[in-house]
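# Architecture and fold: a report
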Amino acid sequence: MEFLKFDAEACTLCGKCVNVCPFGALTIEKDGIAVGESCRMCGLCVRKCPEKAIHFEQKANEVNKEEWKDFLIFAEQEQGKIHPVVFELIGEARKMAPKVGYQVNCVIVGGEGTAENASLLLEYGVNKVFIYEHPELSWFRADCYTDVVADCIAEIKPSSVLIGGTELGRSLAPRLSTRFHTGLTADCTQLDIKPNTDMIQIRPAFGGNIMAQIAISRSRPQFATVRYRVMEKAPRVEKIEGELVHREVTKEMATSSIQILKAEVLEKKKSLEEEDIIVVAGRGARNESGVALCRELADALGGQLAFTRPMVENGFGDTAHQIGLSGRTVRPKLIITCGVSGAIQFTSCMNGSECIVAINDNPNAQIFKTAHYCIVDDLFQVVPKLTELVRNRKED
């Protein structure tokens, strides 16, 4: 599907668009300007054309929404396994789909073993899984993956495309939205859909002070990314009715301008998002001594120590263990906050936890509005006692 159009009457074949294209995607043919597979929809030719003879096919208020149907979920693979965020995206799409009569489909891209992983997705109520399997797709390369997923989108025309807010997803999603000249909402915390098929994408804005409701009403597809552990995982279905659709990976799709000189699989460690027990050191921990107390409690519980943004900025932790809009979103079984005030930037990324215990010496702290159990006291007095109780119970 071509999204770049040329006005043959206005075009003088001056060749300026061909010369400025950084990807070598344009050529002058006997019938006019031709667009090759390497076009990345950067728009440079549109801006540089002196005759204004080039335009994007998709313009505001011109899209026919009836041509774009269903949900498409990018099924990311990590070290040969489907990333768990995919099952959460499927669950959210399955909640919205009946409201507008849509199906839920997936596209999966990768090397050997991709087809086997694709069959697992059918167990979660997916209607179709489009499979792109090729040895050159074993490792993520942004240009190849963008070309492959764009091929699927152009072919089936989904109304909405959901992508996990992972490192890979954050690289892929903006490239795809640019390719299709449409909008993208990153790090959504809630999703819904209107009867007119506009997807309502809710996410914190202005530092978390408001919850913005964003709709991409003038173009299709609608792109959204969602962090891991924000949505509920899709339940398995009793009867599998979906189908696997194998798609051809052309030479152009598999050819990358990125050359991989060396690849090494790092030892996978349990991430903060996967942790069941978390102890959070907030500004009230004040210093190394306070952080050390929180770490001892986390170790005694068999969990991980996390931090608020101010603590990371002061050098007590790293962003991999930071909870908040600029850090991680978590949903553990137990989270204990120590000296955390409870700003919405923090609470919006942990309020889905099963049990929230808050320790703060300020009875008016915002965190107490979110917590299930509130301890109004000095954390330097409370935390050591909690640690001692946990250790004694383990010994018993």
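Reading guide: rules and limits
Residues numbered from 1 in each chain as written. Predicted model: local features only at pLDDT ≥ 70, side-chain atom pairs only at ≥ 80, totals over all residues. Heavy atoms only, no water. UniProt positions renumbered as here; feature names shortened; annotations may be inferred. Pairing = 2+ DSSP bridges. Helix = DSSP H or I, 4+ residues; strand = E, 2+ residues; numbered from the N terminus. Axes fitted to C-alpha atoms, helices over the stretch in contact; angles between N-to-C directions. Contact = heavy atoms within 4.5 Å. Expected span 1.5 Å × (residues − 1). Buried < 20%, exposed > 50% of the residue type's maximum accessible area, 1.4 Å probe, protein only. Polar contact = N/O pair within 3.5 Å; in protein donor to acceptor, adjacent residues only side chain to side chain. Patch = residues over 30% accessible without salt bridge, like charges linked within 9 Å, V, L, I, M, F, W, Y side chains within 5 Å. Areas by Shrake-Rupley, 256 points an atom, 1.4 Å probe, with all protein chains shown as cover. Salt bridge = Lys/Arg side-chain N within 4 Å of Asp/Glu carboxyl O.

Labelled according to an unreviewed UniProt entry, the protein chain appears under the name Electron transfer flavoprotein subunit alpha, originating from Candidatus Limivivens merdigallinarum. In its Sequence similarities (unreviewed entry) section, UniProt records this for the protein chain: "Belongs to the ETF alpha-subunit/FixB family."

## Thoughts on the sheet that holds strand 14 (residues 210-215)
The pairing of strands in a sheet happens through backbone hydrogen bonds and is either parallel or antiparallel. Strand order in the open sheet formed by three strands is 12-13-14, with antiparallel pairing between adjacent strands. If you trace the sheet from one side to the other, it starts and ends with strand 12 (190-193) and strand 14, each paired once. Averaged over all pairs of adjacent strands, the angle between their axes in this sheet comes to 25 degrees, without regard to strand direction. Two strands pair when backbone bridges link them, and strand 12 and strand 13 (residues 199-205) are joined in this way by four bridges, in the antiparallel orientation. Directly across from D192, in strand 13, lies its bridge partner I200. Its contacts with the sheet put helix 3 (residues 85-100) on strand 12 and strand 13, and the angle it makes with strand 12 is roughly 15 degrees.

## A word on helix 3
For helix 3, with 16 residues, the first-to-last C-alpha span of 24 Å sits near the 22 Å given by 1.5 Å per residue. Most of helix 3 is tucked away, with 12 of its 16 residues classed as buried. In the segment just after helix 3, G101 is the residue with positive phi, at about 70 degrees.

## Considerations on the side chain of S171
For S171, the location among the structural elements is in helix 6 (residues 167-179). What makes S171 buried here is its relative accessible area of 17%. For S171, the side chain forms a polar contact with the side chain of R175, separated by 2.7 Å. Residues within four places of S171 in sequence aside, it is in contact with F140 and A142.

## What about a nonpolar patch on the surface?
A cluster of nonpolar side chains, namely W139, I258, I260 and V265, defines an oily patch on the protein surface of about 370 Å² accessible area. Secondary-structure assignment places I258 in the loop between helix 7 (251-254) and strand 17 (277-281).

## A few points about the UniProt feature "binding site: FAD" (unreviewed entry) in the protein chain
Mapped onto this structure's residue numbering, the UniProt feature "binding site: FAD" (unreviewed entry) falls at R283, T308, R309, Q322, I323, G324, L325, S326 and N360. These annotated residues cover 78 residues of sequence, and their C-alpha atoms reach 23.0 Å apart at the extremes, leaving them scattered rather than at a single site. Classification of R283 as exposed rests on a relative accessible area of 57%. Excluding its chain neighbours within four sequence positions, the residues that come into contact with R283 are T308, P310, M311 and G339. You can see I323 is positioned in the loop between helix 9 (309-313) and strand 19 (334-338). Filtering out sequence-adjacent residues up to four positions away, I323 remains in contact with L272, I278, V280, A306, F307, T308, R328, V330, I335, F346, C349 and M350.

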